[in-house]
Amino acid sequence: MTPGLHPAPTRHAGLVEWVERIAALTRPDRVHWCDGSEAEKQAIIADLVSRGTLRALDPDKRPGSYHAASDPKDVARVESRTFICSRDEIDAGPTNNWADPQEMRGRLEGLFAGCMRGRTMYVVPFCMGPLGSDISALGVEITDSGYVAVSMGVMTRMGAAALEQLGETGTFVPAVHTLGAPLDEGQADVPWPCNDEKWIVHFPETREIWSYGSGYGGNALLGKKCYALRIASVMARDEGWLAEHMLILKLTSPTGAVKYVAAAFPSACGKTNLAMLEPSLEGWKAECVGDDIAWMRIGADGRLYAVNPEAGFFGVAPGTSRNTNRNAVETLSRDVIYTNTALTADGDVWWEGLSKSPPDGLTNWKGQPHDPASGEPAAHPNARFAVAAGQCPAIAPEWEDPKGVPIDAILFGGRRASAVPLVTEAFDWAHGVFMGSTVASEGTAAAENKVGELRRDPFAMLPFCGYNMGDYFAHWLSMAGRTDPAKLPRIFFVNWFRKGADGRFIWPGFGENARVLKWIFERLDDRAAALDTPVGRVPAPGALDVEGLGLSESDLATLLDVDPDVWTEEAAMIPAFYAQFGDRLPGALWDQHAALSARLEDAR
Ligand code: GTP
Ligand code: SPV
Ligand code: MN
């Protein structure tokens, strides 16, 4: 046994053996099994404060809250360093990086040998999804980062309860994380240890995760994108369910009718904002079930039930304000870990958009005095907050219901300055899958790709699908055969980001998105009129409630416009995208493409 290996608080022999094996490989100074208690959280935080990783904010302004500034080279997910190591390359598909699993295991053995020297190895048991739910699943993350251990405590059901759920023989996804920054005897630590070399590796067949060199977000909090999407998507394919990059929203109409909506938008395209929407329309109520990930299974009644596998929000700070997302601002009033925001002179945080102009005396996310004249933002564009979901004033009472919530509508969307209407309804399930498979969006700061460039991001899952996306499309199509198709959610496509000739967003967005949700709600009850276009059904004139918005006739027309010429060009780009999947692309999607082309031909 490694010196200092805490007596394991479990009789799960497989888990204990794995922890001992990883400790023998990585050689930490100490091993700490996390129990998820408040005392433990405070002790780890105190250690992080002493290392300079965390700084306590003024407790009168933000009680229980801390700020971390990352290494400037470790600020977002690293898709180019993310690998799906399936046995056969074809099973990772053309959209994932692949490496031979044997070769990768050899490389990881080398990288992880002694990588935790001088550090504490935290063993972090966690449950994704409500404790006791059939839809939930367990994992254990081993990490040498206290910041990761504490953040996992915010983002998942972490500690003794998860371990208890695991019992002596339960299955769990093993996830090993290291900063890749061992400390020699007497060597002082840096505030944000990490390594220039980064590897985010998934073994889908054995359902394992290995992460090296980064301490940030989805690279390091392995319950999130690595498990709840990449590995879970493989589990979902094998077991007939769906693991999706979707928020879950509860909507209540003025008459008290309730519907649940799940929505997939690419990173930094508005999931958290929609999940916490404050409807601008009198009498409508929106409540949040989840803001990033949904696990969905067909229930005994044939409907699709969703749970939020997470227990917290890891949201984008910039742009969050009382005007755009009051619920988020109120959620953030206490017990928050902020990363890469700016700091105010009086011990609080600030980011672009929080208030009109930056307060005097700001320190930027790099720790330097902020110079507004420099044109550089004070907060990093991917600055994030981690906070418990239960703190959100708009959290739905059923957000932890082990049964999940029955989904009535699924929304896809992205950032599109042109072409794509404000809202379109799919003709049927297969058409909806076609829509999801062709999502394109302009790049954002959430990953390393170029900001503003258009990229295909099918189902908002491009960076998160743990297997061949052609097979993933087939899996989605197959859901129609697993239940009465009439019981499946109806599918819609939304675009809040259409721009006018002058470059401004035409649609006011945020709380006003309730108007689009109202039309969707009424469509589900067959009470709202729609117009068939070649790309789907859009609101008929007068069917979208725009009363009091002050939107000009021409702006409204642009928002709902489907230009057959523009769409013929859009449709013409699809075959090149589809072709990369070869024979893994379901024929039904080629049929959908042919049908779209024919409808466009008719319309021209
Ligand atoms: P991830 O957490 O990275 O997956 O992002 P997300 O999809 O949760 O996006 P989020 O809600 O954090 O929004 C990202 C950015 O989009 C922020 O700058 C928001 O202000 C902006 N945004 C969100 N909703 C709207 C909208 O309806 N209209 C406009 N114009 N901007 C929006
Ligand atoms: C995203 O990029 O989609 C995020 C942040 O939600 S991360 O957890 O880093 O993946
Ligand atoms: Mn988000």
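Since the structure is predicted, the reported quantities are computational estimates derived from the model, not experimental observations. Per-chain numbering applies: the sequence of each chain, read as written, is numbered from 1 onward. All chains are assigned letters beginning at A, and all ligands numbers beginning at 1, according to the order in which they are written. Given that this is a predicted model, residues contribute local features only at a pLDDT of at least 70 and side-chain atom pairs are listed and counted only at 80 or more, while totals for whole chains, interfaces and linings are drawn from all residues. As a rule here, side-chain values cover all heavy atoms of the structure and leave hydrogens and water aside.

### Overview of the overall build of the protein chain
Put simply, the rule is: Elements are defined by DSSP. Helices are runs of H or I of four residues or more, strands are runs of E of two residues or more, and each kind is numbered from the N terminus. We compute the radius of gyration over the C-alpha atoms and compare it with the globule rule, which gives 2.2 Å times the number of residues raised to the power 0.38. Throughout this description, buried means an accessible area under 20% of the type-specific maximum (1.4 Å probe, protein chains only), exposed means over 50%, and partly exposed covers the range between. Whether two residues touch is decided by their heavy atoms; if any such pair falls within 4.5 Å, the residues are in contact. Note on areas: Shrake-Rupley, 1.4 Å probe, and residue coverage restricted to the protein chains presented here. The sign given to each residue is positive for Lys and Arg and negative for Asp and Glu; His and the chain ends receive no count. A single reference atom marks each charge: NZ on Lys, CZ on Arg, CG on Asp, CD on Glu.
A count of helical and extended segments in the protein chain gives 16 helices and 29 strands. For 604 residues, the compact-globule formula gives about 25 Å, and the C-alpha radius of gyration of the protein chain, at 24 Å, lands near that figure. Projected onto its principal axes, the C-alpha positions of the protein chain cover 75 × 55 × 45 Å. Split into buried and exposed, the 604 residues of the protein chain put 60% on the buried side. A fraction of 73% describes how many contacts in the protein chain between residues 6 or more apart in sequence connect residues 24 or more apart. On the protein chain, roughly 22,500 Å² of surface is accessible, and the fraction owed to carbon and sulfur atoms is 50%. Within the protein chain, the 79 negative side-chain charges are centred at a point lying 1 Å from the centre of the 56 positive side-chain charges.

### Considerations on helix 15 (residues 564-579)
Rule in force here: One less than the residue count of a helix, multiplied by 1.5 Å, gives the span that helix is expected to have. What the arc describes is the spread of directions from the helix axis to the C-beta atoms. Counting of polar contacts relies on pairs of N or O atoms within 3.5 Å, with two restrictions inside protein: one atom must be capable of donating a hydrogen and the other of accepting it, and residues adjacent in sequence are counted only when both atoms are side-chain atoms.
The terminal C-alpha atoms of helix 15 lie 23 Å apart, and with 16 residues this matches the ideal 22 Å at 1.5 Å per residue to within 8%. Considered for burial, the residues of helix 15 that qualify are Trp-567, Glu-570, Ala-571, Ile-574, Phe-577 and Tyr-578. Along the long axis of helix 15, the arc covered by the buried residues comes to 110 degrees, so they all point the same way. For helix 15, exposure combined with an orientation more than 90 degrees from the buried face picks out Glu-569, Ala-572 and Ala-576. Packing partners of the buried residues in helix 15 comprise helix 11 (429-437), strand 26 (454-456) and helix 16 (587-603). The opening residue of helix 15 is Asp-563, an N-cap whose side-chain oxygen sits 2.8 Å from the backbone nitrogen of Asp-565.

### Considering the sheet that holds strand 22 (residues 405-406)
Spelled out, the test is: Two strands qualify as a pair provided that DSSP identifies no fewer than 2 bridges between them. Axis definition: a line fitted to C-alpha atoms, over the contacting stretch in the case of helices. Angles run 0 to 180 degrees between N-to-C directions.
With antiparallel pairing, the 4 strands of this open sheet are ordered in space as 11-15-16-22. Single-partner strands in this sheet number two, and they are strand 11 (242-244) and strand 22. With 4 bridges joining them, strand 15 (residues 294-298) and strand 16 (residues 304-307) adopt antiparallel strand pairing. Looking at strand 16, one finds that Met-296 is bridged to Ala-306. Packed on one face of the sheet, helix 8 (residues 223-239) meets strand 11 and strand 15 and runs near 160 degrees to strand 11.

### A closer look at the site of ligand 2
What counts, and what does not: The rule for a residue being near a molecule or strand is that one of its heavy atoms must lie within 4 Å of it. How far each domain reaches was decided by an automatic or database domain assignment.
Neighbouring ligand 2 are 12 residues; Arg-77, Gly-218, Lys-224, Lys-225 and Ser-267 lie closest to it. In this structure, an oxygen atom belonging to ligand 2 sits 2.8 Å away from a main-chain N or O atom of Gly-218. Contact with the protein chains covers 98% of the free accessible surface of ligand 2, which is 290 Å². Sorting the residues of the shell around ligand 2 by element identifies helix 7 (217-220) and helix 8 as the ones contributing at least two each. The two domains that each donate at least three residues to the shell around ligand 2 are domain 1 (13-33 + 80-239) and domain 2 (243-308 + 399-603).

### A short note on the UniProt feature "domain: Phosphoenolpyruvate carboxykinase GTP-utilising N-terminal" (unreviewed entry) in the protein chain
Worth spelling out the cut-off: UniProt positions are given in the numbering used here, feature names are shortened, and annotations may be inferred rather than shown by experiment.
The feature "domain: Phosphoenolpyruvate carboxykinase GTP-utilising N-terminal" (unreviewed entry), as annotated in UniProt, sits at residues 17-237 in this numbering. In residues 17-237, helix accounts for 34% and strand for 21%; the two terminal C-alpha atoms are 29 Å from one another.

### Let's talk about the packing of helix 2 (residues 38-51) against helix 5 (residues 146-155)
Stated formally: Throughout, a crossing is termed right-handed when the near helix is turned clockwise from the far one, and left-handed when it is turned anticlockwise from it by less than a right angle. For this classification, the nonpolar set comprises Ala, Val, Leu, Ile, Met, Phe, Trp, Tyr, Cys and Pro, the charged set comprises Asp, Glu, Lys and Arg, and every other residue, Gly included, is treated as polar.
For the pair helix 2 and helix 5, the least separation of the axes is 9 Å and the interaxial angle reads 145 degrees. The element helix 2 and its partner helix 5 pack so that their crossing is left-handed. Taken together, the residues of helix 5 that come into contact with helix 2 (itself represented by Lys-41, Ile-44, Ile-45 and Leu-48) are Gly-146, Tyr-147, Ala-149 and Val-150. Looking at the contact of helix 2 with helix 5 residue by residue, the class counts come to 6 nonpolar, 1 polar and 1 charged.

### Examining the site of ligand 1
The environment of ligand 1 is formed by 21 residues, the closest being Ala-268, Lys-271, Thr-272, Asn-273 and Arg-384. Residue Asn-273 places a side-chain N or O atom 2.8 Å away from an oxygen atom belonging to ligand 1. Note that an oxygen atom of ligand 1 is positioned 2.7 Å from one of the side-chain N or O atoms of Arg-384. Expressed as a share of its isolated accessible area of 660 Å², the protein-covered part of ligand 1 is 90%. Looking at the shell around ligand 1 residue by residue, the classes come out as 9 nonpolar, 8 polar and 4 charged. Summarising the domain contributions, the shell around ligand 1 has at least three residues from each of domain 2 (243-308 + 399-603) and domain 3 (313-391).

### A few points about unusual backbone geometry
Here the phi dihedral of Arg-27 falls at roughly 60 degrees; this positive angle occurs in a residue that is not glycine. If you trace the backbone, Arg-27 turns up in the loop between helix 1 (13-26) and strand 1 (30-33). Residue Arg-27 is classed as partly exposed on the basis of its relative accessible area, which comes to 44%. Residue Asn-340 is not a glycine yet carries a positive backbone phi of 70 degrees. Mapped onto the secondary structure, Asn-340 falls in the loop between strand 18 (336-339) and strand 19 (342-343). Overall, the relative accessible area of 0% leaves Asn-340 in the buried class.

### Some words on the packing of aromatic side chains
Applicable threshold: Aromatic rings from Phe, Tyr and Trp, with only the six-membered ring used for Trp, were paired whenever their centres fell within 6.5 Å, and each pair was classed as stacked if the ring planes differed by under 30 degrees, edge-to-face if by over 60, and tilted otherwise. Cation placement over rings: the criterion is NZ of Lys or CZ of Arg within 6 Å of the ring centroid and within 35° of the ring normal.
Counted according to the given criterion, the structure contains 28 aromatic pairs. Ring geometry for Phe-112 against Trp-210: centres 4.9 Å apart, planes inclined by 90 degrees, an arrangement best described as edge-to-face. Of the two residues, Phe-112 is situated in helix 4 (residues 101-112) and Trp-210 in strand 10 (residues 208-212); the sequence distance between them amounts to 98 residues. One exposure class covers both Phe-112 and Trp-210, and it is buried. Through successive ring pairs, a cluster of aromatic residues spans Phe-412, Trp-429, Phe-434, Phe-459, Tyr-467, Tyr-472, Phe-473, Trp-476, Phe-577, Tyr-578, Phe-581 and Trp-590. Here the guanidinium or amino end of Arg-81 rests over the ring plane of Trp-199, the centre of that ring lying 4.3 Å away.

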